[in-house]
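Chain by chain, the residues:
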Amino acid sequence: MIFIPVLVQFNGLVPVVWIDILAVVVVMVIVFGVVYRFAFWVKVVPSGFFSEAKRYITTRGLVSLFFSELANRVFAQRKVLNDSKVRRTTHLMIFWGFLGLAFATVWDDVFFHDGSLPVPFSFDNLGNIVGNVSGFILLLGLTVVVLRYAFVGKFKGSAKGDLIFLIILYLATITGFATELTRFTGSTASLTYSNYLVHLGFVAALLLSAPFTHFFHALLTPFMRYVERIQDVLFQKGVTRYPFQKKTAMASLAEDVRDGKTKATYPSWLDREDESAKPSG
Amino acid sequence: MFHGWGEFVSEMKLAMIIDLAKCVGCDACSVACKVENATPGDIWWAPVIHSEVGKFPKARLSFLPTLCMNCEDPPCKKSCPTKAISKRDDGIVIIDEGKCAGSRACITACPYDAIRVWEKESSVYGEGRTPLEDMAREKHKVGAAQKCTFCAHRMDYAKANGLKPGVDRMATPACVLTCPAECRIFGDLEDESSPVSKYLDEAKKDGRTVLSLRPEVKTKPKVAYMW
């Protein structure tokens, strides 16, 4: 069989300007969702944590730690998921595959904004090459994860937290490849268009749900690890006060109460509802 | 008054008092917890903090037994992005390790440093696993957060068999049962005849100091300390 790649004018189906408007709406919703969710998690960090940390390791130190965490934990994923090589490898594949696809999307949007994409697998378009390689890596990683969840006893039922995210990401990837395949095999434009529309739908769903699904861990987990890293660094510097060393601070509090240096607050919520006796201690 | 488990179960408020004046820092509670809950090698749900206080000749050792405070208003529950943390009717805060995605938000949110993530499966004795490590593999998930549950499985057993928490052995957390100094007292705060209620009442009469750790964070911890 000889494949005849076709040049598809995507704007023949949906005007690019409509997709642009939809993209702006999606981005606005995502930004709102991320800010809304992140505002909550910032509050999870004990108040005054960063301002106190700045006193010990300076703003420059905090920024340097941030980039060190970004490079080591996020991009290289060192000392992350080190319980299993398969788990770490698949996580890396999904992470870099997704980033590659994001790059390819931006590339194509910048250089082929009118929707006239060159034929697939043409080596004169970096977006095509990176997109297809990344998509394959992502699909492979996702498939291993799904197979492990489905068939390896140890992991069965352990995907409850990320099931929606996994399903949408998987469907977005598969429909992306389906679109590529229809173009590559020279299928009718209508089949390519319908695949493309479905793919766009899943991508929009993936991004719109991101702040509310396991996708959000891409921001949340590195942030929490950054907070932990600051605590580690301060511990090495001998800072033992709250909120940097919670346990040591708790022990100090108990001792201070014993020695009368601090007045204890009686935990009134421990009283029975019909309690009339007031604490004397 | 203790109503028994069943229709009034939501009235139950399980709590623990730790009498610091009695603690001798033997770590038996920590070990009992580890065996009872098969926690992985480097994870301890109920560690005792040992610290040196004062200077010679008045130096001494100080001990603070710690565990999850099973707060009335648990910040870990609010922080969990996958809703893996819940609070039961009896007040015990539980992490569903299957739902946990390892975001670590609960670790940052907990003011008591009571939550740990099982980072890596490893054996204390090099090659091969000990029977306890095999149990840890069965009970816990690598990459998930875990913490003290007030021995929730024992409370479930108590509920099924009409036992009284803090009184009947199988209805009492392992750390409480094991403490040779009997410094841990457990039970239902809403039951005036429970060991914990009686101990608290007695302490008030004696004018002893009852404190909770980090009251300013307003989590209403259900573990209180006493001097």
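Values in this document were obtained by computation on a predicted structure and should not be read as measured data.

Concerning the overall build of chain A
From N to C terminus, chain A includes eight helices and zero strands. Taken from the N to the C terminus, the helices and strands of chain A come in the order α-α-α-α-α-α-α-α. Counting all 281 residues of chain A, 41% fall into the buried class. When contacts within chain A are restricted to residue pairs at least 6 apart in sequence, long-range pairs at least 24 apart make up 70% of them. Roughly 15500 Å² of accessible area belongs to chain A as shown, and the carbon and sulfur atoms make up 69% of that amount.

Observations concerning the layout of surface pockets
Over the atoms rolls a probe the size of a water molecule, and its path tells where empty space is left. Computed from the structure, the second largest pocket encloses a volume of approximately 940 Å³. Every residue lining the second largest pocket is counted, 30 residues in all, and those nearest its centre are Arg73, Glu228 and Asp232 of chain A together with Arg104 and Glu119 of chain B. For the lining of the second largest pocket, the secondary-structure elements that each account for two or more residues are helix H2 (49-75), helix H7 (217-236) and helix H8 (246-258) of chain A together with strand E6 (116-117) of chain B. It is H7 of chain A that contributes the most residues to the lining of the second largest pocket, six residues altogether.

So, the interface of chain B and chain A
Facing the 62 residues of chain B at the interface are 48 residues of chain A. For the chain B and chain A pair, buried surface summed over both sides reaches about 4700 Å², with 59% attributable to carbon and sulfur atoms. The interface formed by chain B and chain A holds five salt bridges in total. Among the salt bridges present, the one from aspartate 271 of chain A reaches lysine 204 of chain B, with a minimum N-O distance of 2.8 Å. The interface formed by chain B and chain A holds nine residue pairs in polar contact (both at pLDDT 80 or more) in total. Every element with two or more residues in the side of chain B that touches chain A is listed here: strand E2 (48-53), strand E3 (60-65), helix H2 (75-79), helix H3 (105-109), helix H7 (195-205) and strand E9 (210-211) of chain B. The residue makeup of the side of chain B that touches chain A, split by class, is 25 nonpolar, 14 polar and 23 charged.

Comments concerning the packing of aromatic side chains
Tallying each qualifying case throughout the model produces 18 aromatic pairs over all chains. Pairing phenylalanine 40 of chain A with tryptophan 41 of chain A gives two aromatic rings, centres 5.7 Å apart and planes at 75°, and the pair type is edge-to-face. One aromatic cluster is present, formed by Phe38, Phe40, Trp41, Phe49, Phe50, Phe66, Phe67, Phe216, Phe223 and Tyr226 of chain A through successive ring pairs. Looking at arginine 258 of chain A, its charged tip hangs above the ring of tryptophan 227 of chain B, at a distance of 5.5 Å from the centre.

A short note on the pattern of salt bridges
All told, the structure shown has 20 salt bridges over all chains when counted by the stated rule. One salt bridge connects arginine 88 of chain B with aspartate 90 of chain B, and the closest N-O pair in it is separated by 2.8 Å. For aspartate 90 of chain B, a relative accessible area of 4% puts it in the buried group. With a shortest N-O distance of 3.2 Å, aspartate 191 of chain B and lysine 164 of chain B are connected by a salt bridge. One end of the pair, aspartate 191 of chain B, is in the loop between strand E8 (184-188) and H7; the other, lysine 164 of chain B, is in the loop between helix H5 (152-161) and helix H6 (174-178), with 27 residues separating them in the sequence. Residue aspartate 191 of chain B is classed as buried on the basis of its relative accessible area of 0%. Bridged by salt links that share partners, the residues Arg225 and Glu228 of chain A together with Arg104 and Glu119 of chain B form one connected network.

Section: the packing of helix H4 (residues 126-151) of chain A against helix H5 (residues 163-184) of chain A
Residue and element names in this part refer to chain A. Orientation of H4 relative to H5, taken along the N-to-C sense of each, is 140°, at an axis distance of 10 Å. Taken together, the axes of H4 and H5 are oblique relative to one another. Considering the relative orientation of H4 and H5, their crossing is left-handed. Each of Asn132, Gly135, Phe136, Leu138, Leu139, Leu142, Thr143, Val145, Val146 and Tyr149 in H4 lies in contact with H5, whose residues at this interface are Leu166, Leu169, Tyr170, Thr173, Ile174, Phe177 and Glu180. For the contact of H4 with H5, the class distribution of residues is 12 nonpolar, four polar and one charged.

Brief notes about H8 of chain A
Look at H8 of chain A: 19 Å from first C-alpha to last across 13 residues, which is about the 18 Å you get at 1.5 Å a residue. Residues Lys246, Lys247, Ala249, Met250, Ala251, Leu253, Ala254, Glu255 and Val257 of chain A constitute the buried set of H8 of chain A. Buried residues belonging to H8 of chain A abut H7 of chain A together with E2, E3, H3, E6 and E9 of chain B. Just past H8 of chain A, the residue glycine 260 of chain A takes up positive phi, approximately 75°.

A look at the pairing of strand E10 (residues 223-226) of chain B
Residue and element names in this part refer to chain B. Side chains Val223 and Tyr225 project from E10 onto one buried face, and the interleaved Ala224 and Met226 project onto a second face that is buried too. Sheet analysis places strand E1 (residues 14-19) next to E10, joined by four bridges and oriented parallel. In the strand pairing of E10, isoleucine 18 is matched with tyrosine 225. Examined bridge by bridge, E9 and E10 share two bridges and lie antiparallel to one another. Residue pairing for E10: valine 210 is matched across the bridge by methionine 226.

What about unusual backbone geometry?
Along the chain, phenylalanine 56 of chain B connects to proline 57 of chain B via a cis peptide bond; the corresponding omega equals 10°. A positive phi is found at threonine 58 of chain A, a non-glycine position, where the angle reads about 60°. Phi is positive for lysine 220 of chain B, which is not a glycine, with a value near 50°. In this fold, lysine 220 of chain B is placed in the loop between E9 and E10.

A short note on the sheet that holds E8 of chain B
Spatial strand order, E8-E1-E10-E9 (chain B): four strands in an open sheet with mixed pairing. The open sheet has two edge strands, E8 and E9 of chain B, and neither has a second partner.

Quick look at the packing of helix H1 (residues 16-44) of chain A against H7 of chain A
Residues and elements named next belong to chain A. Axis separation between H1 and H7 bottoms out at 11 Å; the angle between their running directions is 20°. Taken together, H1 and H7 sit at an angle that is classed as roughly parallel. For the element pair H1 and H7, the recorded crossing hand is right-handed. Of the residues in H7, those in contact with Val34, Phe38, Trp41, Val42 and Val44 of H1 are Leu219, Leu220, Phe223 and Met224. A per-class count over the contact of H1 with H7 returns nine nonpolar, no polar and no charged.

Criteria and cut-off values
- Residues numbered from 1 in each chain as written.
- Chains lettered and ligands numbered in written order.
- Predicted model: local features only at pLDDT ≥ 70, side-chain atom pairs only at ≥ 80, totals over all residues.
- Heavy atoms only, no water.
- Helix = DSSP H or I, 4+ residues; strand = E, 2+ residues; numbered from the N terminus.
- Buried < 20%, exposed > 50% of the residue type's maximum accessible area, 1.4 Å probe, protein only.
- Contact = heavy atoms within 4.5 Å.
- Areas by Shrake-Rupley, 256 points an atom, 1.4 Å probe, with all protein chains shown as cover.
- 1 Å grid on protein atoms, 1.4 Å probe; cavity = no way out; pocket = protein on both sides within 12 Å on 5 of 7 lines; lining within 4 Å.
- Points joined across faces, edges and corners; volume = space filled by probe spheres on them.
- Buried area = accessible area lost by both parts, 1.4 Å probe.
- Salt bridge = Lys/Arg side-chain N within 4 Å of Asp/Glu carboxyl O.
- Polar contact = N/O pair within 3.5 Å; in protein donor to acceptor, adjacent residues only side chain to side chain.
- Nonpolar A, V, L, I, M, F, W, Y, C, P; charged D, E, K, R; others polar.
- Phe/Tyr/Trp six-rings, centres within 6.5 Å; stacked < 30°, edge-to-face > 60°.
- Lys NZ or Arg CZ within 6 Å of the ring centre and 35° of its normal.
- Axes fitted to C-alpha atoms, helices over the stretch in contact; angles between N-to-C directions.
- Parallel < 35°, antiparallel > 145°, perpendicular 65-115°, else oblique.
- Left-handed = near helix turned anticlockwise from the far one by under 90°.
- Expected span 1.5 Å × (residues − 1).
- Pairing = 2+ DSSP bridges.

From the geometry alone we can't say anything about function, so treat these as descriptive.
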